[in-house]
Amino acid sequence: MSILVTGGAGYIGSHTCVELLEAGKDIVIVDNFVNSKPEALERIKAITKKDFKFYEADLIDREAIEKIFAENEIDAVIHFAGLKAVGESVSIPLRYYHNNITGTLILCEVMAKYGCKRMVFSSSATVYGMSNIPPYNETMPTSATNPYGRTKLMIEEILKDLCISDSEWSTVMLRYFNPIGAHKSGLIGESPNGIPNNLLPYVAMVANGKLKHLNVYGDDYETPDGTGVRDYIHVVDLAKGHLKALNYAYNNTGAKAVNLGTGHGYSVLDVVKAYEKASGKNVPYVIGPRRPGDVAASFADASEAKRVFNWEATLGIDEMCEDSWRFASNNQ
Ligand code: NAD
Ligand code: UD1
């Protein structure tokens, strides 16, 4: 019996594959490398000294996905594959809807055909929208402000409907807060193409001299230092949360949304300070206007994950920055 990991060559997927292999699980990975590189797979093998089957395929390619299920005994799927750039989703929404939603529909249909009815899905804290007050808990109303966020909301609804239609299905929808950091080996981490949109990859490029300064998007929020506050979570903690979610999916049916966050918020300037300490480099910054669509503060009520998975994050902001820097400086 194997676990299929879609998007396993990506940032969160590769870290989760390491944890799965280290826990002795058999995995099969499918990825089309739209936002990752084949080296990530070699590095997963180098870290774990374990092998796995890999299919280079697009989730939209139904035949290719059927072939994976025909050739392997898949009894659960961890579904990371999706496009995730918020700004890009505004300019090319149809591509986002097609890739994320059609891809998930095809995956679910093929799973059902092969009697595989367990899925752990990568949702996002973005589903809490702009009007809830943090800490966000899973019972709060959800909404979205951009096509990327809407794909997450829609997929959550699709998975709920699927579980209502067939009581054998089990789907766990993990609402990630802000994953950062990298594996301790420095071999896998986050390496976006071009100029990063997200804070940590940007700060890393300022620290290693590739970018001149960080633009801080606003210092007039109602937060302790006026800059945006987020719940940064170490990607290895996040990856471990997937093993717990998988275990939950084996022992329960129905659709379940669970936050994966630390419950603690850090401001942009807190992150800059922690990164300077971790890297020994200066991270110059310039205060600029707010970024449209940003909320002042976003952090999790992390109690449901503790209650249902017996999981909680263990790594703090210093380790997140140290591990991010190790990866960034190894992979210049
Ligand atoms: P990533 O881009 O590094 O990984 C996604 C992987 O999926 C990539 O390897 C990409 O090549 C692959 N992929 C995309 N579309 C595909 C398709 N149609 N067929 C096959 N492979 C495909 O992203 P990540 O940061 O690892 O995120 C993983 C998931 O978690 C995504 O669904 C993302 O939306 C979600 N998420 C990420 C964050 C974050 O901050 N990184 C936060 C919340 C949710
Ligand atoms: C962003 C997305 C969110 C997505 C998440 C993970 C937006 C509005 N939100 O979340 O939907 O799920 O990434 O991909 O794009 N910041 C700066 N300067 C920068 C970059 C960021 O000051 O160059 C600030 C932001 O204003 C924010 C914090 O840093 O306060 C974190 O930003 P980011 O890493 O982009 O994450 P989110 O905005 O939380």
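Structure report, in brief. Just so it is clear, the model here is predicted, and its values are computed rather than measured.

Side note on empty space enclosed by the protein
Inspection of the entire model under this criterion finds 1 cavity of 30 Å³ or more. Considering only enclosed or pocket space, the largest cavity measures out at about 40 Å³ in volume. In terms of residue class, the lining of the largest cavity is made up of 4 nonpolar, 5 polar and 1 charged.

Considering the site of ligand 2
Taken together, the neighbourhood of ligand 2 is formed by 19 residues, with Leu-199, Asn-215, Arg-230, Arg-291 and Asp-294 sitting nearest. Residue Arg-230 places a side-chain N or O atom 2.6 Å away from an oxygen atom belonging to ligand 2. Tallying contributions element by element places strand S8 (residues 214-217) first for the shell around ligand 2, with 4 residues. Across the shell around ligand 2, the residue classes tally to 8 nonpolar, 8 polar and 3 charged.

What about the site of ligand 1?
Near ligand 1, the surroundings consist of 26 residues, among which Ile-12, Asp-31, Asn-35, Ser-36 and Lys-84 are the closest. One of the backbone nitrogen or oxygen atoms of Tyr-11 is found 2.8 Å away from an oxygen atom of ligand 1. Note that an oxygen atom of ligand 1 is positioned 2.6 Å from one of the side-chain N or O atoms of Asp-31. Protein contacts shield 95% of the accessible area of ligand 1, which totals 820 Å² for the unbound molecule. If you list the elements that add at least two residues to the shell around ligand 1, you get helix H1 (11-22), strand S5 (118-124) and helix H6 (147-165). When residues in the shell around ligand 1 are grouped by element, the largest group, 3 residues, is from S5. Its residues assigned to classes, the shell around ligand 1 shows 12 nonpolar, 10 polar and 4 charged.

Rules and cut-offs
- Residues numbered from 1 in each chain as written.
- Chains lettered and ligands numbered in written order.
- Predicted model: local features only at pLDDT ≥ 70, side-chain atom pairs only at ≥ 80, totals over all residues.
- Heavy atoms only, no water.
- 1 Å grid on protein atoms, 1.4 Å probe; cavity = no way out; pocket = protein on both sides within 12 Å on 5 of 7 lines; lining within 4 Å.
- Points joined across faces, edges and corners; volume = space filled by probe spheres on them.
- Nonpolar A, V, L, I, M, F, W, Y, C, P; charged D, E, K, R; others polar.
- Near = heavy atom within 4 Å.
- Polar contact = N/O pair within 3.5 Å; in protein donor to acceptor, adjacent residues only side chain to side chain.
- Helix = DSSP H or I, 4+ residues; strand = E, 2+ residues; numbered from the N terminus.
- Areas by Shrake-Rupley, 256 points an atom, 1.4 Å probe, with all protein chains shown as cover.

Purely spatial values, then, with no claim about function.
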